[in-house]
Number of protein chains: 2
Amino acid sequence: MSIQSRLLAILVSVFILSGAAFAGAVEDELMAVDRAFNAMAQEDGVGKAFAHYMSEDARMLSGGSQPVLGHEAVAAAMAGYPADATLVWDPEEAVAAASGDMGFTWGRYVSTFTDAEGVVHTGHGKYVSIWQKQSGGGWKASVDIGNTNPDPAESSPE
Amino acid sequence: MSIQSRLLAILVSVFILSGAAFAGAVEDELMAVDRAFNAMAQEDGVGKAFAHYMSEDARMLSGGSQPVLGHEAVAAAMAGYPADATLVWDPEEAVAAASGDMGFTWGRYVSTFTDAEGVVHTGHGKYVSIWQKQSGGGWKASVDIGNTNPDPAESSPE
């Protein structure tokens, strides 16, 4: 093995190992970004939060609707999120690629809406967001998809 | 700049550029894997295909159900897929991380089930699969999630 080959092997190993060490840090970052996304939804409204956090090439895959593609269409669709509705979520887990430029979070959400009689209806579900690091730094969600499930508190444990 | 620093900079550049060139190839691979996953579902049944393609740490996030976590639980849940039901899907797009170890596909599916009177009911939806390269080579899906939408053929164009 030539000295060049050895050097290359060492450098590639260092690169891969530093990538592996980096992955845990990226996953912590993604958990924090997803929680910040939720915090913005509570403070500024769901529409503004999605407009801020979804990427230019965003794919919004909401239940009951056709796919909504591209930031402009996503922002327009989410701007119509009802003022008498809430959406609160919390990630359970984040997993990142070795390169630290892509990862996903998944978790559960609780939605409510208040009907004309003032009765609050509560829904439960789960979601996946796929995050891509932006060339200018920071993370945006390229994909958002979710679906409903029964209230986990009322489900029999498996 | 020392010779070592220059060499490191060159090697890192080569590594990053080869990663970028690689990304298109990885995306082609993911489209092919997702289509092979569908082909197996048609030939061997939905249950066997999910048992084959979902990872050890799979997260199956089906509408109407609580999250199903881990390969054993996913395989058990999908083994119960009704024999008189079909699920056919086709990816629209794949996107991969620069490191080529993670990516996602999303697309549309058509499901059918035949009721006791022999009437076929057809459903439409969309899905996201997140793929991770396995240490032994090959891809497995770490996440599967989908939801329903109206028949796209009957939807008014946006």
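Remember, it's a predicted structure, so these values are computed and weren't measured experimentally. (Residues numbered from 1 in each chain as written. Chains lettered and ligands numbered in written order. Predicted model: local features only at pLDDT ≥ 70, side-chain atom pairs only at ≥ 80, totals over all residues. Heavy atoms only, no water.)

1. Focus: the overall build of chain A
Part 1 of the reasoning: Summing up its helical and strand segments, chain A has three helices and six strands in all.
Part 2 of the reasoning: Along its sequence from the N terminus, chain A presents helices and strands in the succession α-α-β-β-α-β-β-β-β.
Part 3 of the reasoning: For chain A, the proportion of its 158 residues judged to be buried stands at 42%.
Part 4 of the reasoning: Of the accessible surface of chain A, which amounts to about 8,000 Å², a share of 59% is contributed by carbon and sulfur atoms. (Helix = DSSP H or I, 4+ residues; strand = E, 2+ residues; numbered from the N terminus. Buried < 20%, exposed > 50% of the residue type's maximum accessible area, 1.4 Å probe, protein only. Areas by Shrake-Rupley, 256 points an atom, 1.4 Å probe, with all protein chains shown as cover.)

2. Concerning the sheet that holds strand 5 (residues 120-133) of chain B
Residues and elements named next belong to chain B.
Part 1 of the reasoning: An order of 2-1-6-5-4-3 is seen for the six strands of this open sheet, with the pairing classed as mixed. Each edge of the open sheet carries a strand with a single partner, namely strand 2 (68-69) and strand 3 (85-96).
Part 2 of the reasoning: Taken together, the two bridges between strand 1 (residues 54-61) and strand 2 define a ladder with antiparallel strand orientation. Bridge assignment links Met-60 to a residue of strand 2, and that residue is Val-68.
Part 3 of the reasoning: Lying over the sheet, helix 2 (residues 46-53) contacts strand 1, strand 3, strand 5 and strand 6 (139-148), oriented at roughly 125° with respect to strand 1. (Pairing = 2+ DSSP bridges. Contact = heavy atoms within 4.5 Å. Axes fitted to C-alpha atoms, helices over the stretch in contact; angles between N-to-C directions.)

3. A look at the packing of helix 2 (residues 46-53) of chain A against helix 3 (residues 71-79) of chain A
Helix packing geometry: the angle between the two helix axes and the distance between the axes.
Residues and elements named next belong to chain A.
Part 1 of the reasoning: Helix 3 packs onto helix 2 with a crossing angle of 170° between their chain directions and a minimal axis gap of 8 Å. Between helix 2 and helix 3, the interaxial angle falls into the category roughly antiparallel. Facing helix 2, whose interface residues are Val-46, Gly-47, Phe-50 and Ala-51, helix 3 presents His-71, Ala-75, Met-78 and Ala-79.
Part 2 of the reasoning: Class assignment for the residues of the contact of helix 2 with helix 3 results in six nonpolar, two polar and no charged. (Parallel < 35°, antiparallel > 145°, perpendicular 65-115°, else oblique. Nonpolar A, V, L, I, M, F, W, Y, C, P; charged D, E, K, R; others polar.)

4. Considering the relation of the copies chain A and chain B
Part 1 of the reasoning: When chain A is fitted to chain B, the best match, at an RMSD of 0.3 Å, comes from turning it 180° and sliding it 0.1 Å along the axis. Seen this way, the second copy is the image of the first under a two-fold rotation axis. Across chain A, the smallest distance between a C-alpha and the rotation axis is recorded for Ser99(A), namely 2.4 Å.
Part 2 of the reasoning: In this assembly the copies share their binding face: 100% of the residues contributing to the interface of chain A also contribute to that of chain B. (Least-squares fit on C-alpha atoms with pLDDT ≥ 70 in both.)

5. Description of the sheet that holds strand 4 (residues 102-114) of chain A
Residues and elements named next belong to chain A.
Part 1 of the reasoning: Strand order in the open sheet formed by six strands is 2-1-6-5-4-3, and the pairing between neighbours is mixed. Here the strands that pair on one side only, and so sit at the sheet edges, are strand 2 (68-69) and strand 3 (85-96).
Part 2 of the reasoning: Where strand 4 meets strand 5 (residues 120-133), 13 bridges bridge the pair, whose relative direction is antiparallel. Directly across from Phe-113, in strand 5, lies its bridge partner His-121.
Part 3 of the reasoning: Against the sheet, helix 2 makes contact with strand 1 (54-61), strand 3, strand 5 and strand 6 (139-148), and its axis sits at roughly 125° relative to strand 1, the strand it touches most.

6. Some words on the interface of chain A and chain B
Part 1 of the reasoning: The interface is formed by 42 residues belonging to chain A together with 42 residues belonging to chain B.
Part 2 of the reasoning: Of the roughly 3,300 Å² buried where chain A meets chain B, counting both sides, 70% is carbon and sulfur surface.
Part 3 of the reasoning: Viewed at the interface, chain B and chain A are joined by two salt bridges.
Part 4 of the reasoning: One salt bridge connects Glu93(A) with Arg59(B), and the closest N-O pair in it is separated by 2.6 Å.
Part 5 of the reasoning: Counting the contacts that link chain A with chain B gives 19 residue pairs in polar contact (both at pLDDT 80 or more).
Part 6 of the reasoning: Where the side of chain A that touches chain B is concerned, the elements lending two or more residues are helix 1 (3-44), strand 1, strand 3, strand 4, strand 5 and strand 6 of chain A.
Part 7 of the reasoning: Among the residues making up the side of chain A that touches chain B, the classes are represented as 22 nonpolar, 13 polar and seven charged. (Buried area = accessible area lost by both parts, 1.4 Å probe. Salt bridge = Lys/Arg side-chain N within 4 Å of Asp/Glu carboxyl O. Polar contact = N/O pair within 3.5 Å; in protein donor to acceptor, adjacent residues only side chain to side chain.)

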